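Secondary and tertiary structure notes
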Amino acid sequence: AVVSTQSTGWKKFADISWLKNNEPWDPRSDGKEKFNGFTIRDFQAEDAAIYVGNIFIEKSKDENYKCSVTVTISLKEGSAKIDIKERDKLASTQKVGKGMAIICDVELTNVDLENAGDPNNVNWYRVNQETGEDTIVEPTDMYKINKSKGTYRLWFVSPQPEDSGTYKCEFNQQGVQASTDISVVWG
């Protein structure tokens, strides 16, 4: 978060004291103080607050100014919507040996990813139907995982009947979690 106040023509002395939620606050301890405001580095939930800057300007011995600026910084809750593309086509029995992909579409709101193109932003699992436990699917010669055109893909190179089962796509980052699964049969 970056907070700035305008300061033009002040040649002598300007002092800004800050309050955070009505308590004295020093931007040097939690961010970077600048002449005309402050920057909060690595914004966290506890940084959401009402900041008040009380500004005292001494232009000359006879000319002083006081003003105040209030800034409210709020934290927006992130969310994720996740779904399997072309779910209806995957409901029918798939052809053995023919490469195919399960495509997971992820829509994020108020979530900033360091690298939105990283296929590791989602995890793929195979669900054990008997125990309900998930086993992570790792890329191998049989499975490829990639991101293309805003979607995450689990690619089956040459699927066999033993690959039939339930697969789950899961997003779980920055306190935001969403998942969906689909059952696929090769025969």
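What counts and what doesn't
- Residues numbered from 1 in each chain as written.
- Predicted model: local features only at pLDDT ≥ 70, side-chain atom pairs only at ≥ 80, totals over all residues.
- Heavy atoms only, no water.
- Helix = DSSP H or I, 4+ residues; strand = E, 2+ residues; numbered from the N terminus.
- Polar contact = N/O pair within 3.5 Å; in protein donor to acceptor, adjacent residues only side chain to side chain.
- Contact = heavy atoms within 4.5 Å.
- Pairing = 2+ DSSP bridges.
- Salt bridge = Lys/Arg side-chain N within 4 Å of Asp/Glu carboxyl O.
- Buried < 20%, exposed > 50% of the residue type's maximum accessible area, 1.4 Å probe, protein only.
- Disulfide = S-S within 2.5 Å.
- Axes fitted to C-alpha atoms, helices over the stretch in contact; angles between N-to-C directions.

Let us now look at the side chain of threonine 180. Tracing the backbone through its elements, the reader meets threonine 180 in strand β15 (residues 176–184). For threonine 180, the side chain forms a polar contact with the side chain of arginine 87, separated by 2.9 Å. Discounting residues that sit within four places of it in the chain, threonine 180 has contacts with Ile82, Asp83, Ile84, Arg87, Tyr167, Lys168 and Cys169.

On to the pairing of strand β10 (residues 122–127). As paired elements, β10 and strand β14 (residues 165–173) share six bridges and run antiparallel to each other. In the strand pairing of β14, valine 127 is matched with threonine 166. The pairing of β10 with strand β11 (residues 134–136) spans three bridges and is classified as antiparallel. What sits directly across from tyrosine 125, in β11, is isoleucine 136.

For the structure on display, the rule yields three salt bridges. The salt bridge involving lysine 89 is made with glutamate 86; its shortest N-O contact spans 4.0 Å. The exposure class of lysine 89 is exposed, given its relative accessible area of 55%. For glutamate 86, a relative accessible area of 48% puts it in the partly exposed group. Put simply, aspartate 134 and lysine 168 hold a salt bridge, and the shortest N to O gap is 2.5 Å. Pair noted here: aspartate 134 is in strand β11 and lysine 168 is in strand β14, with a separation of 34 residues, a long-range link.

Within this structure, the stated rule accounts for one disulfide. Here cysteine 104 pairs with cysteine 169 through a disulfide, and the sulfurs are 2.2 Å apart. Judged by the torsion about the S-S bond (-90°), the cysteine 104/cysteine 169 disulfide is left-handed. Pair noted here: cysteine 104 is in strand β9 (residues 100–109) and cysteine 169 is in strand β14, with a separation of 65 residues, a long-range link. As far as burial versus exposure is concerned, cysteine 104 and cysteine 169 are alike and both buried.

Okay, the sheet that holds strand β8 (residues 79–84) next. The four strands lie next to each other as β8-β9-β13-β12, forming an open sheet whose pairing is antiparallel. The open sheet has two edge strands, β8 and β12 (143–148), and neither has a second partner. Taken pair by pair, the neighbouring strands of this sheet meet at an average axis angle of 20°, ignoring direction. With six bridges joining them, β12 and strand β13 (residues 151–156) adopt antiparallel strand pairing. Residue pairing across strands places asparagine 146 opposite arginine 153, the latter belonging to β13.

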